[in-house]
Amino acid sequence: MKTSRGAAQPDVIRLVPRGLTNMLRPSNWGAATASALLPFRAPAPADAGGLPTVLGRLGSLEVRLARTRKEIKQAQRLRYQVFYEEMSALPNATSMLSRRDVDEYDAICDHLLVLDYDVPKKAFRNPKPQVVGTYRLLRQEVADRHWGFYTAGEFDIQPLIDANPDKRFLELGRSCVLKPYRNKRTVELLWHGIWAYVLHHRIDVMLGCASLEGTNPDKMALQLSFLHHYARAPERWRANALAGRGVAMDRLPKEAVDPKAALHALPPLVKGYLRLGASIGDGAVIDHQFGTTDVLVVLPVEAINPRYIDHFGPAANRHAA
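Residues numbered from 1 in each chain as written. Predicted model: local features only at pLDDT ≥ 70, side-chain atom pairs only at ≥ 80, totals over all residues. Heavy atoms only, no water.

Caption draft 1: Main features of the overall build of the protein chain. Each helix and strand counted, the protein chain has eleven helices and twelve strands in total. Here the protein chain holds 321 residues, and the buried ones make up 53% of them. Surface summary for the protein chain: the accessible area is close to 14,900 Å², and the carbon and sulfur share equals 52%. (Helix = DSSP H or I, 4+ residues; strand = E, 2+ residues; numbered from the N terminus. Buried < 20%, exposed > 50% of the residue type's maximum accessible area, 1.4 Å probe, protein only. Areas by Shrake-Rupley, 256 points an atom, 1.4 Å probe, with all protein chains shown as cover.)

Pasting the structure below:
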């Protein structure tokens with residue numbers, strides 16, 4: 001769900017970082033980094049468990065799962081463009097050299113894509129659709145077979161999972177949309193695809209990180225305090241920032257928070273989650289690599305606003321049948 005590591009919504013590296021030479025030594029890469037660097041190959045698409053590849057269309061746009069390494073590379077390039085060139089994330093050696101946002105989780109996740117087929121024709125070439133939006137999806141059973149959820153690097157979510165052994169969790173992350181496509185149509189297609197995926201895999205709870213731009217929580221005291229006082233998760237669905245990493249969100253007393261102003265100042269992605277029925281965990285985490293302040297978003301399917309179920313449900317049901 002995160003906007004930097006996870007979901008990037010609308011709201012360069014100029015110098016080679018000190019120590020780059022040391023980072024480029026193979027002995028310092030690690031298996032995942034070395035695999036990504038040599039020979040810059042994207043992972044093969046994960047097994048989506050029988051879900052149809054194409055999940056929906058709207059005009060020239062199509063939402064579906066990545067089905068080739070090349071499509072995953074396109075999603076990684078889009079993420080790089082948004083996170084590192086448009087925003088202020090600091091790339092590691094792998095990303096800097098490949099011009100792609102890559103990590104080891106790409107190999108085990110499903111990659112949801114929005115593609116635009118209305119692309120300019122090139123001489124002597126068939127036009128190829130452009131990836132203009134993406135989400136990364138990680139099912140609990142897949143996470144359990146590997147190294148857990150990405151979100152667990154910032155938030156203590158295991159007690160939440162352990163307290164709900166009958167629930168199936170899905171992590172949403174690495175979301176971003178190309179700037180000209182940040183509109184209702186693209187967002188609706190992404191959520192159409194997510195909802196089809198949720199129904200097909202019988203997901204009960206979605207979770208992930210969402211980001212506020214900046215690393216000074218005092219400068220976002222209004223937004224953080226609003227999330228704490230007005231959108232805090234009920235005890236059953238509450239999880240805390242990891243010890244030693246969290247910063248307090250209740251920076252202002254509730255009576256000092258103007259809800260309307262706070263909502264206006266929140267990133268569109270966070271507002272979208274709240275409209276769906278999501279709630280927020282305890283504590284925020286500063287992510288200096290991505291230049292963001294992250295909050296935990298928890299969205300039980302049972303809590304989704306019925307009007308969104310009606311909106312996404314019928315079409316998604318057709319694809320999931």
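Anyway, onward from the coordinates.
Caption draft 2: Seen up close, the environment of Pro 180. Among the structural elements, Pro 180 can be located in the loop between β6 (169-177) and α7 (184-200). According to the relative accessible area criterion, Pro 180 is exposed, its value standing at 64%. Along the sequence, Pro 180 and Val 132 sit 48 residues apart, while their C-alpha atoms lie 8.8 Å from each other.

Caption draft 3: Expanded view of unusual backbone geometry. We note that Arg 174 has phi near 50°; this positive angle belongs to a residue other than glycine. Take Arg 174: it is sitting in strand β6. Relative accessible area serves as the criterion here: at 3%, Arg 174 is assigned to the buried category. Residue Arg 202 is not a glycine yet carries a positive backbone phi of 55°. Here Arg 202 is to be found in the loop between α7 and β7 (205-213).

Caption draft 4: View of the nonpolar core. Of all hydrophobic cores here, the largest spans 66 residues; its most connected members are Leu 112, Tyr 135, Trp 191, Ile 194, Met 206, Leu 227 and Val 295. The element contributing the most residues to this core is α7, with eight residues. Leaving out residues up to four positions away in the same chain, Leu 112 has contacts with Leu 55, Val 63, Arg 64, Leu 65, Gly 133, Thr 134, Tyr 135, Leu 137, Leu 190, Gly 193 and Ile 194. Formed by 23 residues, the second largest nonpolar core is a distinct cluster that contains Val 142, Phe 155, Phe 169 and Ala 239. (Core = buried A, V, L, I, M, F, W, Y, C linked by side-chain atoms within 4.5 Å. Contact = heavy atoms within 4.5 Å.)

Caption draft 5: Quick peek at the pairing of strand β1 (residues 54-58). In the sheet, β1 pairs with strand β2 (residues 61-65) via four bridges, with the strands oriented antiparallel. Bridge pairing links Gly 56 to Val 63 in β2. Once β1 ends, the chain turns through two residues before running back antiparallel as β2, passing Gly 59 with a positive phi of about 60°. (Pairing = 2+ DSSP bridges.)

Caption draft 6: Structural view of the pattern of salt bridges. A full pass over the atoms with the stated rule returns 20 salt bridges. Residue Arg 67 is joined to Glu 71 by a salt bridge in which the shortest nitrogen-to-oxygen separation is 3.9 Å. Residue Arg 67 is classed as partly exposed on the basis of its relative accessible area, which comes to 46%. A residue is classified by how much of its surface remains accessible, and Glu 71, at 8% relative accessible area, is buried. The residue Arg 99 makes a salt bridge to Glu 85 at a minimum N-O spacing of 2.7 Å. Taken as a pair, Arg 99 in the loop between α4 (93-98) and β3 (110-116) and Glu 85 in helix α3 (residues 69-86) lie far apart in primary sequence, 14 residues in all. Assessed through its relative accessible area of 42%, Arg 99 is described here as partly exposed. Judged by its relative accessible area of 32%, Glu 85 falls in the partly exposed class. Salt bridges sharing partners connect three or more residues here, namely Arg 79, Asp 101, Asp 103, Asp 106, Arg 136 and Arg 174. (Salt bridge = Lys/Arg side-chain N within 4 Å of Asp/Glu carboxyl O.)

Caption draft 7: Layout of the environment of Ser 211. Structurally, Ser 211 is set in strand β7. Placed 59 residues apart in sequence, Ser 211 and Val 270 show a C-alpha to C-alpha distance of 7.8 Å. Engagement of the side chain of Ser 211 in a polar contact is seen with the side chain of Asp 294, the distance being 2.7 Å. (Polar contact = N/O pair within 3.5 Å; in protein donor to acceptor, adjacent residues only side chain to side chain.)

Caption draft 8: The arrangement of α7 in detail. Taking 1.5 Å of rise per residue, the 17 residues of α7 would be expected to cover 24 Å, and the 24 Å separating its terminal C-alpha atoms lies within 8% of that figure. Taking burial as the measure, the 17 residues of α7 include twelve buried ones, the bulk of the element. By the N-cap criterion, in which a side-chain oxygen at the helix start approaches the backbone nitrogen of a residue two or three places on, α7 is capped by Asn 183, the distance to Arg 185 being 3.2 Å. At the C-terminal side of α7, Arg 202 shows a positive phi close to 55°. (Expected span 1.5 Å × (residues − 1).)

Caption draft 9: Focus on helix α10 (residues 268-276). Taken together, the buried positions of α10 are Leu 269, Val 270, Gly 272, Tyr 273, Leu 274 and Leu 276. Where α10 terminates, the next one or two residues include Gly 277, which has phi positive at roughly 120°.

Caption draft 10: Layout of the environment of Tyr 181. By the element assignment, Tyr 181 lies in the loop between β6 and α7. For the pair formed by Tyr 181 and Val 114, sequence separation is 67 residues and the distance between their alpha carbons is 9.9 Å.

Caption draft 11: Representation of the confidence of the model for the protein chain. On average, the protein chain scores 85 in pLDDT, and the residues at 70 or more come to 82%. Segment residues 3-39 is flagged for pLDDT under 50; beyond a separation of four residues in sequence, or across chains, it makes 81 contacts in the model. Below pLDDT 50 for its whole length, residues 314-321 participates in 15 contacts with residues either more than four positions away or in separate chains. (pLDDT = per-residue confidence, 0-100.)

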